[in-house]
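# Understanding the architecture of this molecule
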Amino acid sequence: MIDNNRIVIALDYTNESDVLAMVDQLEPQSCRLKVGKELFTYCGPQLVQKLIDRGFDVFLDLKYHDIPNTVAGAVKASAELGVWMVNVHASGGFSMMKAAAEALKAFDKPPLLIAVTVLTSTAQSDLDQLDIPGKIEDRVLHYAKLAKEAGLDGVVCSAQEAARLKAELGPEFLLVTPGIRPKGADAGDQHRIVTPAKAITDGSDYLVVGRPITKASQPLQVLREINTEVESSLR
Ligand SMILES: O=C(O)c1cc(=O)[nH]c(=O)n1[C@@H]1O[C@H](COP(=O)(O)O)[C@@H](O)[C@H]1O
């Protein structure tokens, strides 16, 4: 069962003091935290451990994409760190995803393992430029089906694809959706954006939100507003 704590804050900072200045204002009951490539490269597993020790669920977003043996080892390391969620790139392929899922079988309380489908910063024109055929939403669905078959718990996608994915893959398969923008917020480099209310209504399980909160003059106020929007959409 998923609770009402649906927001995952993307801590895309460059140093520990900025992270802790933000995290000290937050409570584990009102959000989860995401550590991505930038922060992890600056501050490493020690900071992840500090966030876990403060009682937060941590999504380690390193988007592993490598040979199956290497990804299995990296996923195992993240489980040993005690994170709540970890991700791989679905485009790494079925064998790679399966190896990652297998690596977690040895753990009593493994992290949720999810696959990134097509990045929310990707537009149809980007796929065309890469000479990748087909529509984004079809590719997302195809990758999500492969991830489910490989034994993963869910996918990262845009909430624009959430309704279709929930209908095709069932309620238990988790949808983690970045590219969340409250009405009027700056899209930045994101292309496939959705409001918190629409994301929840369409079936997103967890909403990843970075800059709309972290760059706000009053981050806590924005988090509260988003949580209120989420709660009323869940009712
Ligand atoms: O895996 C992710 O978290 C991710 C996948 C994706 O498709 N798009 C995406 O934006 N993300 C991450 O989600 C966060 C979104 O941040 P904002 O655009 O600032 O809200 C960033 O930390 C991204 O690295």
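Rules and cut-offs
- Residues numbered from 1 in each chain as written.
- Predicted model: local features only at pLDDT ≥ 70, side-chain atom pairs only at ≥ 80, totals over all residues.
- UniProt positions renumbered as here; feature names shortened; annotations may be inferred.
- Helix = DSSP H or I, 4+ residues; strand = E, 2+ residues; numbered from the N terminus.
- Rg over C-alpha atoms; globule rule 2.2 N^0.38 Å.
- Buried ≥ 20, exposed ≤ 12 C-beta atoms within 10 Å, placed from the backbone.
- Contact = placed C-beta atoms within 7 Å.
- Pairing = 2+ DSSP bridges.
- Axes fitted to C-alpha atoms, helices over the stretch in contact; angles between N-to-C directions.
- Near = placed C-beta within 6 Å.
- Nonpolar A, V, L, I, M, F, W, Y, C, P; charged D, E, K, R; others polar.
- Expected span 1.5 Å × (residues − 1).
- Arc of directions from axis to C-beta.
- Core = buried A, V, L, I, M, F, W, Y, C linked by C-beta atoms within 7 Å.
- Left-handed = near helix turned anticlockwise from the far one by under 90°.

As annotated in an unreviewed UniProt entry, the protein chain carries the name Orotidine 5'-phosphate decarboxylase and is attributed to Umboniibacter marinipuniceus. Per UniProt, the comment on the protein chain under Subunit (unreviewed entry) is "Homodimer."

## Notes on the overall build of the protein chain
Along its length, the protein chain carries ten helices and eight strands. The C-alpha atoms of the protein chain give 17 Å as radius of gyration, which agrees with the globular expectation for 235 residues (18 Å, within 12%). Overall, the C-alpha framework of the protein chain stretches about 40 × 35 × 35 Å when taken along its three principal axes. A buried classification covers 40% of the 235 residues belonging to the protein chain. Long-range contacts, defined as pairs at least 24 residues apart, comprise 70% of the intrachain contacts of the protein chain with a sequence gap of at least 6.

## Quick look at the sheet that holds strand 1 (residues 7-10)
With parallel pairing, eight strands are arranged side by side around a closed barrel as 1-2-3-4-5-6-7-8. Taking the axes of each pair of neighbouring strands and ignoring which way they run, one obtains an average angle of 25° across the sheet. As judged from the three bridges shared by strand 1 and strand 8 (residues 206-209), these two strands associate in the parallel manner. Across the sheet, the residue bridging to Ile-9 is Val-209, located in strand 8.

## Quick look at the site of the ligand
With respect to spatial proximity, 19 residues lie near the ligand, and among them Ala-10, Leu-119, Pro-178, Gly-210 and Arg-211 are the closest. Among the secondary structure elements, those contributing two or more residues to the shell around the ligand are strand 3 (58-64), strand 8 and helix 9 (211-214). In terms of residue class, the shell around the ligand is made up of eight nonpolar, seven polar and four charged.

## Some words on the environment of Glu-225
In this fold, Glu-225 is placed in helix 10 (residues 219-234). Separated by 199 residues in the primary sequence, Glu-225 and Leu-26 place their C-alpha atoms 14 Å from one another.

## Some remarks on the environment of Lys-63
Following the sequence through the fold, Lys-63 ends up in strand 3. Judged by the 16 C-beta atoms lying within 10 Å of it, Lys-63 is partly exposed. Note: C-alpha distance between Lys-63 and Val-230 (167 residues apart in sequence) is 26 Å. Ignoring anything within four residues of it in the chain, the contact list for Lys-63 reads Asn-87, Val-88, His-89 and Val-116.

## Considering the UniProt feature "domain: Orotidine 5'-phosphate decarboxylase" (unreviewed entry) in the protein chain
Mapped onto the present numbering, the UniProt feature "domain: Orotidine 5'-phosphate decarboxylase" (unreviewed entry) falls at residues 6-226. Strand forms 16% of residues 6-226 and helix 43%; the C-alpha atoms that close the span are 10 Å apart.

## Notes on unusual backbone geometry
One non-glycine residue, Lys-63, lies in positive phi territory at about 45°. Unlike most non-glycine residues, Asp-131 shows phi in positive territory, near 65°.

## Some points on helix 3 (residues 68-81)
With 14 residues, helix 3 should reach 20 Å at 1.5 Å per residue; the first-to-last C-alpha distance of 20 Å fits that figure. The set of residues buried in helix 3 consists of Val-71, Ala-72, Val-75, Ser-78 and Ala-79. Down the axis, helix 3 shows its buried residues gathered within 125° of arc, on one side only. The exposed residues of helix 3 that point more than 90 degrees off its buried face are Asn-69 and Glu-80. Gly-82 sits one or two positions beyond helix 3 and adopts a positive phi of about 90°.

## Here's the deal with the nonpolar core
Val-75, Met-97, Ala-100, Ala-115 and Val-155 are the most contacted members of the largest nonpolar core, which has 68 residues in total. In terms of residue count, helix 4 (residues 94-103) provides more of this core than any other element does, six residues in total. Discounting chain neighbours no more than four positions away, the residues touching Ala-115 are Asn-87, Val-88, His-89, Ala-90, Met-97, Tyr-143, Ala-147, Leu-152 and Val-155.

## Details of the packing of helix 6 (residues 136-149) against helix 7 (residues 162-169)
It is the contact of helix 6 with helix 7, at a shortest axis distance of 10 Å, that shows an interaxial angle of 35°. For the crossing formed where helix 6 meets helix 7, the hand is right-handed. Contact with helix 6, carried on its side by Glu-137, Leu-141, Ala-144 and Lys-148, involves Arg-164, Leu-165, Glu-168 and Leu-169 of helix 7 and no other residues of that element. The residue makeup of the contact of helix 6 with helix 7, split by class, is four nonpolar, no polar and four charged.

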